[in-house]
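# Structural overview
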Amino acid sequence: MRFRIYRYDPEKDAKPYLQDFDVALDPHDRMLLDALVRLKAVDDTVAFRRSCREGVCGSDAMNINGKNGLACVTNLKTLTEPVVLKPLPGLPVIRDLIVDMSQFFKQYHSIKPYLVNDTPPPEKERLQSPEEREELDGLYECILCACCSTACPSFWWNPDKFVGPAGLLQAYRFIADSRDLATNERLDNLEDPYRLFRCHSIMNCVDVCPKGLNPTLQIGRIKEVMLKRAV
Amino acid sequence: MSLPVRKFDAIIVGAGGAGMRASLQLAEAGLSVAVLTKVFPTRSHTVAAQGGIGASLGNMSEDNWLWHMYDTIKGSDWLGDQDAIEYMCKIAPKVVYELEHFGMPFDRNPDGTIYQRPFGGHSANFGEKAVQRACAAADRTGHALVHTLYQRNVRARTQFFVEWMALDLVRDADGEVLGVVALEMETGEVMVLQAKATLFATGGAGRIFAASTNAFINTGDGLGMAARAGIPLEDMEMWQFHPTGVHGAGVLITEGVRGEGGILLNCNGERFMERYAPNLKDLASRDVVSRSMDQEIKEGRGCGPEKDHVLLKLDHLGPDVIIKRLPSIREIAIKFANVDPIREPIPVVPTIHYQMGGIPTNVNGQVVAPKGGSPNEVVPGFYAVGECACVSVHGANRLGTNSLLDIVVFGRAAGDFIVAQNLKAQAHRPLPRDAADRALARLARLDGAKSGERVPDVANALRKEMQAHCGVYRNQELLSEGVRKVMELDERSKRVAISDHSRTFNTARVEALELDNLMETAKATIVSAEARRESRGAQARSDYPSRDDVNWLKHTLWYSEGNRLDYKPVNLKPLTVDSFPPKARTY
């Protein structure tokens, strides 16, 4: 199978280039990651991140034939050749398919991604009804792979000012949690021309999320809560 | 010494559940703590745990920590230390409530309490009937747990060193551990990180086997570092085969599927576990279910054209339960097995999953080793928790849900113990002149090797031999041959070469360094297995089919130097309650 892979090693390459590889696959190779691991056994200089190989850790996000996705859950049969692999768009490239995710995590951290509830905890669990808990479905499952934020034109333009779909999804995860008492502070933190409102519902995030989540919908819900607070 | 040195009160290596539960205690107590991790914290393998965390909350029906303790001891086939097991089971409800208070999104019952599901080997009233003890967040409990702990560490402003690989321990002439030598992957820079307390939470090493549920990163780095520094590894022959790995892919299918009512079928459509474990059936202990499956396949009742797997049927649970309680399982089955479990069964085989053994510790997480006639002398400055450690709560076989419990209980306990040491008031001991020599020699050899075998070739050969010689059923002939082959591979591993010599994010170098750790773990495993001539828990010897409490109710200790073995007694004495003496183990 033919692959065309983005190569860049700052120590020897003046600029990035695409390199073609023909990889002899085994009949058991199923996912794109299987092919990459096979390629690396032949040419160990090809650099990419990977870990769980089942779509739950979020390490091996990359741009696959023009669309962001996880290599470990991308079936080889769905890919047309040559399979063009590039690093996630919009983030600085460290080497080959490995990007510097600092900006992405900085935005995640900026939404205070932790439960805020300073009332003394009960001896047992804080009670939450099944319906209240259901509000967290479609939110807490995020794996922070960055497929969504790096597919978002608004994030490309303003990665320092726009929180991006992944961070906003998590912002709503805490707003939606019946146990969290900081909704007002969370909304204040997003109320500015960029942090939330740079989302123009382009929906690239929804298109690429490997977990089937819908950040655009949840961003809309934040805007709704904000509107309700204003009136 | 020419390497840069950075000093901290404490260093934690590994940022999965165990490392981050410990770092939380340290950071909240105001200590300067550095958490080193090969991958961004939420990518640690804790994230892949599915079914639940065990605690006798009693939310579904009556439960009792003593029953949990009994189940754990019985599950361990009496190789677990009863002091550690009592500590873990007794404190389990408290640590689960803490996780809930941290924001962990557990599933809920109509009354608002945490939802709990049945799991293998967990029973009410000392084995009488199955009990619902596994606190679950759908089938993503590990994901929910590791993200919650990361979030809580963000709040506590814990200092993470992301994509740093620890290479070797620093020990002085008195044997005190003073930190680690570490490699920053992005820049290739090597540094000494010095500390008054060094805690390993590096996880397991399932990648020594060919068919494993484990992530690529699970290469036994902590075990390799400890072994090279002269510290023994305990009970390394005890490796758990999870009954339900996806056939051909190895990806885990949680025991929670059987907890929710799923059943295993052979090619005749027979629910064969009824024959092997009449009481708990499909929810017997994992070693029992894996051996039963292996037996069915060996006797020609496997499924598929090769008759090499069995089927996990769950369509009778109905789409509502599957979509609500087991959504990720459905996703995995569709992606990795081409079946939608709402309609069709999932092809499964026993698959390497968990290492019960590890670096020997006590309940404070302090690493212990034999010295001067005592089997459990503390190694000063050194701690280990989670899968890389052997405290030992799992003995010869771990119960499902006890791994997530283990990491938070002992991560927390070690954190509290280190905080109580008042490290701020202590000075750093002087670094020995040769502190970094071992790590630097390993790097220099790799950088200097112009030709040699490729790393993946040796690593894959190792996995193949371990799979062939150290499987579900073992015997003397297989194991002796396995030891020989692994020792040959150990020699080959010293002659590998890499073609990538860049300093920038050199993943080939990382994999070569990981190979050293895989080798130490594999040697420990097969040498310990070859020597233990009995069947206990996960060590199933077809040539020694019975448990032998007279000769083998003891922990194995393997030393890398001289490839030698030692043994120490099992602690059958709990902290406060009566001992559970060994008895026959049936489900």
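Our structure is the block above this text.
The rules behind each value
Residues numbered from 1 in each chain as written. Chains lettered and ligands numbered in written order. Predicted model: local features only at pLDDT ≥ 70, side-chain atom pairs only at ≥ 80, totals over all residues. Heavy atoms only, no water. Helix = DSSP H or I, 4+ residues; strand = E, 2+ residues; numbered from the N terminus. Buried < 20%, exposed > 50% of the residue type's maximum accessible area, 1.4 Å probe, protein only. Salt bridge = Lys/Arg side-chain N within 4 Å of Asp/Glu carboxyl O. Pairing = 2+ DSSP bridges. Contact = heavy atoms within 4.5 Å. Buried area = accessible area lost by both parts, 1.4 Å probe. Polar contact = N/O pair within 3.5 Å; in protein donor to acceptor, adjacent residues only side chain to side chain.

On to unusual backbone geometry, then. A cis amide bond links E81 of chain A with the next residue in sequence, P82 of chain A, at an omega value of -10 degrees. Structurally, P82 of chain A is set in the loop between β4 (67-70) and β5 (83-86). Following V391 of chain B, the chain continues to S392 of chain B via a peptide bond in cis, the omega torsion being -10 degrees. Relative to the elements of secondary structure, S392 of chain B occurs in the loop between β18 (389-390) and α11 (402-420). Not every positive phi belongs to a glycine, and D77 of chain B is a case in point at roughly 55 degrees. Looking at D77 of chain B, the relative accessible area reads 6%, which means it is buried. Residues other than glycine seldom take positive phi values, yet N338 of chain B does so here, at roughly 60 degrees.

All names here are of chain B. Going through the model one piece at a time under the given rule, you end up with 75 salt bridges over all chains. A salt bridge links R438 to D168; its shortest N-O distance comes to 3.9 Å. Here R438 is found in helix α12 (residues 437-448), whereas its partner D168 is found in strand β7 (residues 164-171), with 270 residues between them in sequence. In this structure, D287 engages R585 in a salt bridge whose closest nitrogen and oxygen atoms are separated by 2.9 Å. Within this pair, whereas D287 is found in helix α8 (residues 286-298), its partner R585 is found in the segment after β22 (564-569), the two being separated by 298 residues in sequence. Judged by relative accessible area, D287 falls into the buried class, the value being 5%. What makes R585 buried here is its relative accessible area of 17%. Each of D77, E237, D287, R291, R532, E534, R536, R547, D549 and R585 takes part in a single network of salt bridges with overlapping partners.

Take the pairing of strand β16 (residues 366-371) of chain B next. All names here are of chain B. Note that β16 and strand β17 (residues 374-384) share 4 bridges and pair antiparallel. Directly across from Q366, in β17, lies its bridge partner Y383. Linking two consecutive strands that pair antiparallel, namely β16 and β17, is a turn of 2 residues; a positive phi of about 50 degrees is found at G372 within it.

What follows deals with the interface of chain B and chain A. Listed by partner, the interface residues are 65 residues for chain B and 64 residues for chain A. It is R43, H101 and F216 of chain B that lose the most area in chain B upon contact with chain A, and together they represent 15% of the buried surface on that side. At the junction of chain B with chain A, the criterion picks out 8 salt bridges. Where D500 of chain B meets R95 of chain A, a salt bridge forms, and the shortest distance between an N and an O atom there is 2.7 Å. Applying the counting criterion to the chain B and chain A interface returns 39 residue pairs in polar contact (both at pLDDT 80 or more). Of all elements in the fold, only α3 (82-102), α4 (141-155), α10 (327-337) and α15 (507-531) of chain B reach the threshold of two or more residues within the side of chain B that touches chain A. For the side of chain B that touches chain A, the element with the most residues is α4 of chain B, which contributes 6 residues.

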